[in-house]
Structures are given as structure tokens and as C-alpha cells.
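Fold and contact review
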Amino acid sequence: MEERQYDLIFICRPDTPETEVDKIVSTLETAAGERGGKVEKVEKWGTRKLAYRVRKQREGYYVYLLLHSTQGEMIKELERRLKVADPVIKYLTVRLDEEMKRQRKLTERRDRRAARRRRKATPATSTEATATGAAAS
Amino acid sequence: MADETRSQGPSEGRPAAAGRGGPGGPRRGKRQYFRKKKVCRFCADRVDFIDYKKADMLQGFIQERGKILPRRMTGTCSRHQRWLMVAIKRARNIAMLPFATEF
């Protein structure tokens, strides 16, 4: 199976000590490692206001992970762990590789088009080129 | 039937009725006010991916009550509105944006 990219965000209770959060992150990392995945990035966004109440909390400690995985099972396991972890009040996993693929495609296509336009504009030094240049600026 | 009445309208001296010609109206009537054409903000910035994690950016596309603003208000193109919708819904799921404001 090809490699997939995921975003994983989880929210802890605001009164959770930092060490506890680190512990959760490390268990997730080992769990991911065991199942052929990898945690690429860990970002702690810190305590933020929640847009609505979650488990009677108005604030939450956000942690963001960027994952690479080759097995869907891995996500299942990580979500199970987050579900049983006491300080975690909410989590969300989003699969992103397809959107990234789309984004790359669009960006590439635009770059190609821009290059073609530039090529077309440069050899013609007549009024046409100046007109297009004026339109672009 | 409807066409007949509309074509008769101006001849009978009712310019107001002629001006109200649905979406094609502004071109016909002369007394139309002109609104600046809204351009899709994402197209202008050449955005290929709308990140659901940028909550403060998405905040500009929801109403005070938490509803998603329609395209006719923001001028977003249909493709970007679709991406925006997905991003806002994701952000709602992780409590970065409200489903509906409380109180």
C-alpha cells in the first residue's frame, strides 16, 4: 500500500501537566512505529479557547501530529489509544495525501502555464508583447 | 406569455418593470447601481489548498452565529467555496470553530 499522510490533532484538558502530554505523544509514537508508520512532526499549540464546550471544558491543550502511514490499522490503534487516554477530550484524524496530490497537480499546472505564457511573450518584441505585459501588470 | 408582458413593459412607460429582469437585469436597465465586482479571494492569492488549521482565517468566512457565509456575500468562486466548506467543517470538529454560538 502506498504511503498515506494524516493530520492528527488531539485536545487535552487544560489542567493536564506537560509530562502527561509528553507521555501520550510518546505512546502514540511507539504505537505508530510498531505498525510501520512514522510521526513526522509534533507541535504543541498550547492552551486555546474551545469554540464550544467539550466535556464541560471551555479551554483545551491542543497537540498536533503529522503522520505517515502505510496501514490503515495504525490509525485505528492510535484513535483507540486516544479514546482510552483520560486527559484527552477530543481528537481528529484527517487523511491529507489526496488533497496534497491535488494541490501539487494544480500548482504544477499553473507553473507550467505561466512558463508557457512567458515563453510566448519573450520572443515577440512587437506591440503585442508590450500589450500583454501591460495587461499583466 | 411572460415574454410578451415583458416586451410590452417599456412601451407602456414602465421602466421599473423592465429593469427587474432577473439575473440579467443590470445590463438592461439604465438606472442600475453598480457594485464592484467581487473577486474570489483564494483565486487572487492562488490558493491550491485551504488549511482547516488556520482558524483565524476561516473565521472571516462564518457569520457571528457560526454559519458559513454564502458565496454571494464573500465572492468566493465555487471551487474554493467547496474547499472552504470542507475546511470549516473540519475545524468545527476539533472545536476551533463553533457549530453555533452558545447563549
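Please read all numbers here as calculations on a predicted model, not as lab measurements.

Considerations on the nonpolar core
- Grouped together as the largest cluster of nonpolar side chains are 32 residues, with contacts concentrated most on Tyr62 of chain A together with Leu58 of chain B.
- Among the secondary structure elements, those contributing two or more residues to this core are β1 (4-12), β2 (38-54), β3 (57-69), β4 (88-95) and α3 (97-121) of chain A together with α5 (55-58) and α7 (78-93) of chain B.
- Core analysis: the second largest hydrophobic core is formed by 21 residues, Leu8, Ala31, Tyr61 and Met74 of chain A among them.

What to know about the packing of aromatic side chains
Residue and element names in this part refer to chain A.
- Scanning all chains against the criterion turns up 4 aromatic pairs over all chains.
- Taken together, a centroid distance of 6.2 Å and an interplanar angle of 25 degrees make the contact between Trp45 and Tyr62 stacked. Of the two residues, Trp45 is situated in strand β2 and Tyr62 in strand β3; the sequence distance between them amounts to 17 residues.
- By relative accessible area, Tyr62 is classed as buried at 0%.
- Among the aromatic residues, those joined into a cluster by ring pairs are Trp45, Tyr62 and Tyr64.
- Across from the ring centre of Tyr62, 5.3 Å away, lies the NZ or CZ of Arg48, which sits over that ring.

Cut-offs and rules
Residues numbered from 1 in each chain as written. Chains lettered and ligands numbered in written order. Predicted model: local features only at pLDDT ≥ 70, side-chain atom pairs only at ≥ 80, totals over all residues. Heavy atoms only, no water. Core = buried A, V, L, I, M, F, W, Y, C linked by side-chain atoms within 4.5 Å. Buried < 20%, exposed > 50% of the residue type's maximum accessible area, 1.4 Å probe, protein only. Helix = DSSP H or I, 4+ residues; strand = E, 2+ residues; numbered from the N terminus. Phe/Tyr/Trp six-rings, centres within 6.5 Å; stacked < 30°, edge-to-face > 60°. Lys NZ or Arg CZ within 6 Å of the ring centre and 35° of its normal.

Just geometry here; none of it tells us what the structure is for.
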